[in-house]
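# What the coordinates show
Listed below, chain by chain, are the residues.
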Amino acid sequence: MAEIVIRNTNEKISGDDNVRDFLNNQNVLFEKWDASKLPSELQNNFQLTDDQKNEILSVYDEEIRDLAARRSYQIWDVITLSDSTPNLEELLKKFEDVHTHTEDEIRAVVSGKGIFVIKGSGDLGYFDVELEAGDVISVPENTNHFFTLMENRQIVAVRLFIEKNGWVAYPVEDPSFQKA
Ligand SMILES: [Fe+2]
């Protein structure tokens, strides 16, 4: 189950409906896919072959095409991160810098866990969204955020893009952000 932690107050928000309401108020899309649709040999498998990645895309083909039709995504792929990812430490360091994109960043977690840290509106400050299998999130364009892994350091997610070549991270210097 997804959970939110508001960094300034340590307030926690849990339960899919509460999480969805909070995120929707922040213009962050939150939806659910059925995590149990993934064949058992692909669940908690973080070293996927290209064939297995394609199998994940076909398992969730209907969900992907539904999102694409609603939100104009043109291409999609599967990304996996784990301790067997070469240069994981370096990658995580790079990910953990606050940045923005000119298109939204949508991720459907199909296995493992991850955290998006997002800057809220007004005085809210940054909040952590802890995601697990079945959670779908879209960080809006031009919104300060970064992504990191949780203690288990393992995730498989479907990414969708409007334009892959235009999808660049723009670093943001934000004095109000304190690294945890
Ligand atoms: Fe990003």
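These numbers come from a predicted model, not from an experiment.

### Structural notes on the overall build of the protein
Scanning the protein for helices and strands turns up four helices and 11 strands. Taken over the C-alpha atoms alone, the protein extends approximately 45 × 35 × 30 Å along its principal axes. Per-residue burial for the protein yields a buried fraction of 29% across its 180 residues. When contacts within the protein are restricted to residue pairs at least 6 apart in sequence, long-range pairs at least 24 apart make up 73% of them.

### Describing the UniProt feature "binding site: Fe(2+)" (unreviewed entry) in the protein
Under the present numbering, the feature "binding site: Fe(2+)" (unreviewed entry) in UniProt falls on His99, His101, Glu105 and His145. These residues run over 47 residues, yet every pair of their C-alpha atoms falls within 11.3 Å of each other. Assignment of secondary structure puts Glu105 in strand 6 (residues 105–119). For Glu105, a count of 22 C-beta atoms within 10 Å gives the class buried. When residues no more than four places from it in sequence are discounted, the contact partners of Glu105 are Ser138 and Val139.

### Some points on the environment of Phe161
In this fold, Phe161 is placed in strand 10 (residues 155–161). Taking the number of C-beta atoms within 10 Å as the measure of exposure, Phe161 has 18 and is therefore partly exposed. Counting along the chain gives 87 residues from Phe161 to Gln74, while the straight-line C-alpha distance between them is 6.0 Å. Once you skip the residues sitting within four places of it in the chain, Phe161 turns out to touch Tyr73, Gln74, Ile75 and Trp167.

### Observations concerning the UniProt feature "site: May play a role in transmitting local conformational changes" (unreviewed entry) in the protein
Per the UniProt record, "site: May play a role in transmitting local conformational changes" (unreviewed entry) is annotated on Asp104. With respect to the helices and strands, Asp104 occurs in the loop between strand 5 (99–100) and strand 6. When near neighbours in sequence (up to four residues on either side) are disregarded, Asp104 contacts Ser138, Val139, Pro140 and Glu141.

### Focus: the nonpolar core
Counting residues in each nonpolar core, the largest one holds 39 residues, and the members touching the most others are Val110, Phe116, Ile118, Val129, Ile137 and Val158. Contributing elements (two or more residues each) for this core: helix 1 (16–25), strand 4 (75–81), strand 6, strand 7 (126–132), strand 8 (135–139), strand 9 (145–148) and strand 10. Sort the elements by how many residues they give to this core and strand 6 lands first, with seven residues. Setting aside its immediate chain neighbours within four residues, Val110 contacts Ala35, Leu38, Ile56, Ala133, Val156, Ala157 and Val158.

### Some points on the environment of Asn45
Among the structural elements, Asn45 can be located in the loop between strand 3 (29–32) and helix 2 (50–59). You can call Asn45 partly exposed: it has 19 C-beta atoms within 10 Å. For the pair formed by Asn45 and Leu92, sequence separation is 47 residues and the distance between their alpha carbons is 20 Å.

### A short note on unusual backbone geometry
Positive phi outside glycine occurs at Asn10, with the angle close to 65°. By the C-beta count within 10 Å, which is 7 here, Asn10 ends up exposed.

Criteria and thresholds
- Residues numbered from 1 in each chain as written.
- Predicted model: local features only at pLDDT ≥ 70, side-chain atom pairs only at ≥ 80, totals over all residues.
- Helix = DSSP H or I, 4+ residues; strand = E, 2+ residues; numbered from the N terminus.
- Buried ≥ 20, exposed ≤ 12 C-beta atoms within 10 Å, placed from the backbone.
- Contact = placed C-beta atoms within 7 Å.
- UniProt positions renumbered as here; feature names shortened; annotations may be inferred.
- Core = buried A, V, L, I, M, F, W, Y, C linked by C-beta atoms within 7 Å.

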